Amino acid sequence: MRKVIEMAVKACGNARWAFKVSEWRPSFEELKLACSCIQEEERRRLAKFVFRDDFDASIIGRLMMRKFIAEATGMDYDAIELARDEREKPFWRNSSGSDCHVDFNVSHQGDYCVLAGTVSGERDRKIGVDVMKMEYTGGKPLNEFFRLMTRNFSPSEWECIRSKKSDDGQIGAFMRHWCLKESYVKNVGVGITVDLQKISFSLGSKELSLESPTMDTKLFLNGELATDWKFEESLIDSQHCVAVSLLNIPANYAPLPFQRVSYQQLIDGAKPLAQIDEIYCHNIQRKEYKS
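Residues numbered from 1 in each chain as written. Predicted model: local features only at pLDDT ≥ 70, side-chain atom pairs only at ≥ 80, totals over all residues. Heavy atoms only, no water.

K.L.:
It is not clear to me how the pattern of salt bridges should be interpreted in this structure. Could you clarify?
P.N.:
Pairing is possible between side chains that carry opposite charge, provided their charged atoms lie close to one another. Following the criterion strictly, the structure yields 18 salt bridges and no others. In this structure, the salt-bridge partner of glutamate 29 is lysine 32, at a minimum N-O distance of 3.1 Å. Linking glutamate 29 with lysine 32, this pair stays in helix α2 (residues 28–36), spanning three residues, or about one helical turn. The class of glutamate 29 is exposed, set by a relative accessible area of 52%. Between glutamate 86 and arginine 87 there is a salt bridge; the shortest N-O distance is 3.7 Å. (Salt bridge = Lys/Arg side-chain N within 4 Å of Asp/Glu carboxyl O. Helix = DSSP H or I, 4+ residues; strand = E, 2+ residues; numbered from the N terminus. Buried < 20%, exposed > 50% of the residue type's maximum accessible area, 1.4 Å probe, protein only.)

K.L.:
Where do I start with the sheet that holds strand β1 (residues 14–20) in this structure?
P.N.:
Pairing between sheet strands relies on hydrogen bonds along the backbone, with the strands arranged either parallel or antiparallel. Taken in spatial order, the four strands make up an open sheet running β4-β5-β1-β12, and their pairing is mixed. In this open sheet, the two edge strands, each paired with only one partner strand, are β4 (101–109) and β12 (259–260). Of the pairings in the sheet, the one linking β1 to β12 comprises two bridges and is parallel in character. When the bridges of β12 are listed, alanine 18 appears paired with arginine 260. The strands touched by helix α4 (residues 52–73) within the sheet are β1, β4 and β5 (112–120), with β5 carrying the most contacts at an inclination of about 25 degrees. (Pairing = 2+ DSSP bridges. Contact = heavy atoms within 4.5 Å. Axes fitted to C-alpha atoms, helices over the stretch in contact; angles between N-to-C directions.)

K.L.:
How should the packing of aromatic side chains be read in this particular structure?
P.N.:
In this description, a pair of aromatic rings is defined by centroid distance and the angle of the planes. According to the stated counting rule, one finds 16 aromatic pairs in the structure shown. Ring geometry for tyrosine 184 and tryptophan 229: centres 4.9 Å apart, planes at 65 degrees, overall edge-to-face. Note that tyrosine 184 is positioned in helix α7 (residues 167–188) and tryptophan 229 in strand β10 (residues 229–237), a separation of 45 residues in sequence. Assessed through its relative accessible area of 10%, tyrosine 184 is described here as buried. A relative accessible area of 8% places tryptophan 229 in the buried class. Through a chain of ring-to-ring contacts, three or more aromatic side chains come together here, namely Tyr136, Phe145, Phe146, Phe153, Trp158, Phe174 and Trp178. Taking the ring centre of tyrosine 289 as reference, the NZ or CZ of arginine 25 above it sits at 3.8 Å. Over the face of the ring belonging to tyrosine 77 we find arginine 66, whose NZ or CZ atom lies 5.2 Å from the ring centre. (Phe/Tyr/Trp six-rings, centres within 6.5 Å; stacked < 30°, edge-to-face > 60°. Lys NZ or Arg CZ within 6 Å of the ring centre and 35° of its normal.)

Geometry only, nothing functional implied.
Here's what the structure looks like:
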C-alpha cells in the first residue's frame with residue numbers, strides 16, 4: 001500500500017489525501033506509535049484539546065504532513081522538522097537543502113481530515129485546502145442563520161445560495177462557498193477576519209463529483225477577476241465537499257481527485273521521533289468523544 005501513495009506523489013508532484021477520522025478508533029498500541037511520530041511541541045499543543053475527536057483529527061493531520069514530505073522529497077521521516085509561521089500555518093522548516101519547493105495544507109471538519117500538497121520548482125506556487133460537511137446543525141431557523149452570516153458573502157453569492165429550491169440545496173451551496181473562501185484565506189494566510197464580501201466566487205459547475213474535480217469556479221477580489229487563482233472542487237462522499245486553492249499553476253495543470261488513505265498507509269515508513277510516553281497516551285485515552 002505504501003507504493004500507492006509514493007507513486008501518486010512522485011508521478012505528478014501533487015497529493016490529495018482524505019482520511020475518515022470518524023471511523024478511526026486507534027488501539028493503545030496505535031496511539032502510542034502515532035504520538036511518538038510527531039514533534040514534542042505538537043504533542044503539547046494537541047494535549048490541550050478537550051475532546052478526543054479534535055485530538056484524533058489533528059494528529060492525523062500531522063502524520064499526513066510528515067508522510068507527504070517524506071514521500072515527495074525522500075527525506076528521512078525522523079529528519080523532517082515542521083514549524084509554524086507568524087499566522088500559525090505549518091511549514092517545512094528544514095527545506096533549505098531541497099531542490100524543489102514543497103507546499104501543503106491540511107483541513108479537518110465533519111468526518112474527514114484532508115491534505116493537499118504540491119511539489120514544484122516554482123517558489124511562488126502555493127496551496128490551500130478546506131473540507132466541509134454539507135449539513136446545518138446550528139439550531140436556529142435557516143433564514144435566521146443566513147441573516148447572521150450576511151456580511152460574509154457578496155450579493156451575487158447570496159443570490160446563488162438562495163436560488164436553490166430546498167433547504168438542503170441552500171445548505172449545500174452555502175457550504176460550498178464557505179469551503180472555497182476557507183481554502184483561499186488559508187492559502188494566503190490571512191484567516192477569516194478579512195472582509196469576506198470582497199472575496200467573491202462565481203460557481204461554474206452546478207454539481208460536484210466524486211471522481212472528476214471541477215476547475216471552472218472563478219474568484220473575484222474587490223470586484224476584479226483573479227486570473228492567477230484556480231480552484232479544484234469535488235466531493236469526498238455524498239455529504240462532504242472539498243476545495244483546493246492553487247496560485248500560479250501551469251496552463252496544462254490537470255486536477256486530482258482525493259484518494260482515501262488509511263492509518264496503516266500513513267504510518268508505513270514512519271520513524272519515532274521520541275520515546276513512547278505511556279502516561280501521555282493514557283491521558284489522551286481519558287478524553288471523551290463528542291458523540
